[in-house]
Amino acid sequence: MSESSVRLNVFKTYKLYVGGKFPRSESGRVYEVSDSKGKWLANAPLSSRKDARDAVVAARKAFGGWSGATAYNRGQILYRIAEMLEGRREQFVREVGEAEGLSKSKAAAVVDAAIDRWVWYAGWTDKIGQLVGGANPVAGPFFNLSTPEPTGVVTVVAPQDSSFLGLVSVIAPVIATGNTAVVIASEKSPLPALSLGEVLATSDLPGGVVNILSGKADEMGPHLASHQDVNAIDLAGAGPALAKELEIAAADNLKRVLRPRPVDDWNADPGTSRMTAFLETKTVWHPTGSLGAGGSSY
């Protein structure tokens with residue numbers, strides 16, 4: 001091999017995804033990420049409480065535009081995420097295989113399921129309202145209508161062992177219903193989550209709708225759980241002790257809390273419970289009025 005053909009390895013620099021941008025942790029800290037056999041893969045940013053606060057600010061800023069978008073438009077964007085993931089499928093097969101110690105074929109099945117999950121939730125964006133809302137029968141000359149509305153900014157503690165399919169399964173329902181998210185990625189396997197940020201940035205998703213942090217859930221979690229501008233928290237990836245601590249902290253401003261649930265298989269039909277967990281119901285009364293002198297009503 002000639003000297004001119006020798007190349008240096010170009011290692012990927014993984015960064016956070018906050019507000020549609022890719023900052024390093026403000027603390028400058030990183031931690032080593034290894035594969036299932038202990039081989040070094042990369043240095044991931046070790047997020048600080050300041051990074052978490054910045055992510056909440058970005059999520060709150062994005063909430064008005066995202067919640068105000070039409071459900072159809074949100075569905076288009078979630079489908080676009082699936083399209084972009086399909087184009088980078090081989091990268092994610094490699095990263096998921098390394099992160100979870102899977103063979104190439106098993107990692108490919110996980111990635112395909114994650115892509116399909118984005119498509120599944122894309123189809124729900126303009127249908128969930130019909131499922132959980134509607135006209136209520138009342139005794140009187142009134143219209144009584146209940147409609148679902150997003151809760152707001154949701155902190156998501158991502159699953160620890162399912163670094164990609166589990167991750168997508170907890171992010172997609174949050175944003176499909178108009179919420180914005182601050183995600184604490186799997187501590188031991190954060191690389192697929194950080195790469196997902198690169199996909200989201202090129203998928204027409206407005207900056208700040210999803211913000212991805214890597215690092216220690218027990219460091220960032222209590223701060224986010226007690227944050228007064230966070231409206232809800234999904235404890236999917238929190239262990240029993242941490243989940244209890246975060247649930248207590250979340251009570252301070254009456255956050256909605258989705259407790260951890262044992263999941264044997266993230267491939268199973270997810271149902272609608274993760275979407276309805278972060279929806280509020282608004283009920284409006286309006287007099288029917290009358291038409292004409294005869295007093296007929298509509």
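Structural notes, computed from the coordinates. Every chain's residues receive numbers from 1 upward, in the order its sequence appears when written. Only residues with pLDDT of at least 70 get local features here, since the model is predicted, and only at 80 or more are side-chain atom pairs given and counted; chain-wide, interface and lining totals rely on the full set of residues. By convention in this description, side-chain values take in all heavy atoms of the structure and omit both hydrogens and water.

Let us look at the overall build of the protein chain. Looking only at helices and strands, the protein chain features 10 helices and 10 strands. Principal-axis analysis of the C-alpha atoms places the extent of the protein chain at approximately 95 × 40 × 35 Å. Remark: exposure states derive from per-residue accessible area (1.4 Å probe, protein chains only) relative to the maximum for the residue type, with buried under 20%, exposed over 50%, and partly exposed in between. Split into buried and exposed, the 298 residues of the protein chain put 46% on the buried side. When checking whether two residues touch, look at their non-hydrogen atoms; a contact exists if any pair is within 4.5 Å. Of all intrachain contacts in the protein chain linking residues separated by at least 6 positions in sequence, the fraction that spans at least 24 positions is 76%. Of the roughly 14,300 Å² that the protein chain leaves accessible, carbon and sulfur atoms contribute 54%. Counted as positive: Lys and Arg. Counted as negative: Asp and Glu. His and the chain ends are not counted at all. We put the charge of a Lys on NZ, of an Arg on CZ, of an Asp on CG and of a Glu on CD. In the protein chain, 31 positive and 31 negative side-chain charges are present, and the distance between their average locations comes to 3 Å. Working definition: helices are DSSP H or I runs of at least four residues, strands are E runs of at least two. Numbering for both runs from the N terminus. Accessible surface area values rest on a Shrake-Rupley calculation with a 1.4 Å probe, where residue burial reflects the displayed protein chains alone.

This paragraph deals with the pairing of strand 7 (residues 210-213). Residues V210 and I212 of strand 7 are buried on one face, and the alternating residues N211 and L213, pointing to the opposite face, are buried as well. What makes two strands pair is DSSP finding at least two bridges between them. Note: strand 6 (residues 180-184) against strand 7, 4 bridges, orientation parallel. The residue bridging V183 from the neighbouring strand is I212, located in strand 7. You can see the chain leave strand 6, run along helix 7 (residues 191-201) and come back into strand 7, and the turn it takes is right-handed. Note on handedness: a clockwise path from strand one over the helix to strand two, with the strands aimed away from the viewer, defines a right-handed crossover.

Right, let's get into the pattern of salt bridges. Salt bridge, as used here, is a side-chain nitrogen of Lys or Arg placed within 4 Å of a carboxyl oxygen of Asp or Glu. This model, assessed by the stated rule, comprises 17 salt bridges. Here K50 and D54 are joined by a salt bridge, their closest N and O atoms 3.0 Å apart. Taken together, the residues span about one helical turn, with K50 and D54 both in helix 1 (residues 49-68) at a distance of 4 residues. On the basis of relative accessibility, which here comes to 35%, the residue K50 falls in the partly exposed class. Across the pair E149 and K282 runs a salt bridge, and its minimum N-O distance is 2.9 Å. Taken together, the residues span a long stretch of sequence, with E149 in strand 4 (residues 142-150) and K282 in strand 10 (residues 279-287) at a distance of 133 residues. Overall, the relative accessible area of 39% leaves K282 in the partly exposed class.

With that out of the way, let us pick up helix 8 (residues 217-225). Buried residues dominate helix 8, accounting for 7 of its 9 residues. Along helix 8, the positions that sit buried rather than exposed are A217, M220, G221, P222, H223, L224 and A225. For helix 8, the elements touching its buried residues are helix 1, strand 5 (153-157), strand 6, strand 7, strand 8 (232-234) and helix 9 (240-250).

Our next topic: the packing of helix 4 (residues 104-124) against helix 6 (residues 165-176). Across the interface, helix 4 lies against helix 6 with an axial gap of 9 Å and an inter-helix angle of 10°. In terms of orientation, helix 4 lies roughly parallel with respect to helix 6. Residue-level contacts link V110, A113, A114, R117, W118 and Y121 of helix 4 to L165, V168, S169, I171, A172, P173, I175 and A176 of helix 6. Polarity classes work like this: nonpolar for Ala, Val, Leu, Ile, Met, Phe, Trp, Tyr, Cys and Pro, charged for Asp, Glu, Lys and Arg, and polar for all others, with Gly in that last group. Per-class residue counts for the contact of helix 4 with helix 6 are 12 nonpolar, 1 polar and 1 charged. Axes, fitted as lines to C-alpha atoms, cover a helix only where it is in contact. Angles between the N-to-C directions of the axes lie from 0 to 180 degrees. If an angle is under 35 degrees, it is roughly parallel; if it is over 145, roughly antiparallel; if it lies from 65 to 115, roughly perpendicular; otherwise it is oblique.

If you look at the biggest cluster of nonpolar residues, it comprises 62 residues, and the most contacted ones within it are W118, F164 and I175. Take this core: its biggest share by element is 10 residues, from helix 4. Among all residues touching F164, those that are not within four sequence positions of it are L85, F92, V96, E100, V111, A114, P192 and L196. In these notes, a set of buried Ala, Val, Leu, Ile, Met, Phe, Trp, Tyr and Cys residues joined through side-chain atoms within 4.5 Å is what counts as a nonpolar core. A52, A59, A238 and L246 belong to the second largest nonpolar core, which has 25 residues in total.

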